[in-house]
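Spelled out, the chains give:
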Amino acid sequence: MIETDRLLLRPWRDSDRDPFWAMAQDREVMRYFSATDRDACDRLIDRQIERQDGYGYCLWAAELKADGRFIGYCGMLPPHDPFVEIEIGWRLAHADWGKGYAREGAEACLDWAWHELDAASVIAVTVPANKRSWGLMVRLGMTRDPGEDFDHPALPEGDPLRRHVLYRINRPDD
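**A look at the nonpolar core**
Part 1 of the reasoning: Core analysis: the biggest nonpolar cluster contains 50 residues, and F20, W60, M76, I88 and W90 have the highest contact counts within it.
Part 2 of the reasoning: At 9 residues, helix 3 (residues 101-116) tops the list of elements feeding residues into this core.
Part 3 of the reasoning: Leaving out residues up to four positions away in the same chain, F20 has contacts with W12, C41, L44, I45, F70, Y73 and R91.
Part 4 of the reasoning: F83, V125, F150 and L166 belong to the second-largest nonpolar core, a separate cluster that totals 5 residues.

**Some words on the pairing of strand 4 (residues 70-77)**
Along any regular strand, the residues point their side chains to alternate faces of the sheet.
Part 1 of the reasoning: Taking burial as the measure, the 8 residues of strand 4 include 8 buried ones, the bulk of the element.
Part 2 of the reasoning: Across 5 bridges, strand 3 (residues 59-64) lies against strand 4 in antiparallel orientation. Looking across to strand 4, one finds that W60 is bridged to C74.
Part 3 of the reasoning: Here strand 3 folds back onto strand 4, and the loop between the two strands holds 5 residues, one of which, G68, carries a positive phi near 75°.
Part 4 of the reasoning: Both strand 4 and strand 5 (residues 86-92) contribute to a ladder of 6 bridges, which runs antiparallel. Looking at the pairing, M76 lines up with I88 of strand 5.

**Considerations on helix 4 (residues 131-139)**
Part 1 of the reasoning: When helix 4 is considered as a whole, its buried residues turn out to be S133, G135, L136 and M137.
Part 2 of the reasoning: Once helix 4 finishes, G141 follows within two positions and takes phi at roughly 95°, a positive value.

**Comments concerning the packing of aromatic side chains**
The description of an aromatic ring pair uses the distance of the two centres, along with the angle that the planes make with each other.
Part 1 of the reasoning: Here the structure, examined in full by the defined rule, presents 9 aromatic pairs.
Part 2 of the reasoning: Between F20 and Y73 the ring centres are 6.1 Å apart and the planes differ by 50°, which places this aromatic pair in the tilted class. A residue pair is termed long-range when its members are at least 10 positions apart, and F20 in helix 1 (residues 17-24) and Y73 in strand 4 qualify at 53 residues. Across this residue pair, the class does not change: F20 and Y73 are buried.
Part 3 of the reasoning: Plain terms: the ring middles of W60 and W112 are 5.2 Å apart, the flat faces sit at 85° to each other, and that makes the pair edge-to-face. Here the residue W60 occupies a position in strand 3, and W112 occupies one in helix 3, the gap between them amounting to 52 residues.
Part 4 of the reasoning: Taken together, the ring pairs connect W12, F20, F70 and Y73 into an aromatic cluster.
Part 5 of the reasoning: The ring of F33 has R91 lying over it, and the distance from NZ or CZ to the ring centre is 3.8 Å.

Cut-offs and rules
- Residues numbered from 1 in each chain as written.
- Predicted model: local features only at pLDDT ≥ 70, side-chain atom pairs only at ≥ 80, totals over all residues.
- Heavy atoms only, no water.
- Core = buried A, V, L, I, M, F, W, Y, C linked by side-chain atoms within 4.5 Å.
- Buried < 20%, exposed > 50% of the residue type's maximum accessible area, 1.4 Å probe, protein only.
- Helix = DSSP H or I, 4+ residues; strand = E, 2+ residues; numbered from the N terminus.
- Contact = heavy atoms within 4.5 Å.
- Pairing = 2+ DSSP bridges.
- Phe/Tyr/Trp six-rings, centres within 6.5 Å; stacked < 30°, edge-to-face > 60°.
- Lys NZ or Arg CZ within 6 Å of the ring centre and 35° of its normal.

Here is the structure:
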């Protein structure tokens, strides 16, 4: 578990399934993600539980320390197709945007990664239109090489979410 001033980033619980599904019903939250159904949401949680068990990290459930409320996720993904690097990611409930939670969680995750993982770098990806996410990537110190932008292999030709930008941050010098 990672603890910040205001957040707990922790393994998923069954009680997170309903609020995560509710997030998937919010058009603003899902604007830059493909449509999903309840089974797909549950499978995403199941994959994170498997990753936590297998790797010791995942896209952790994010909870507010003040009241224990689930607000989304923030964490790390092990290398997975098409990437050979660890990926950081986040998704928060719309009501919790603009409060600095994503940055607070992402900074804590990066700090955790540099101390706990033998990673030379960490990447993050999003669609070009998702200015909030790539703006956070920049604030985290990540940089983009346009030559590494790519079409997401899981999305069909013509899908408006297919094109992705990739940002990277290298391990800081100690």
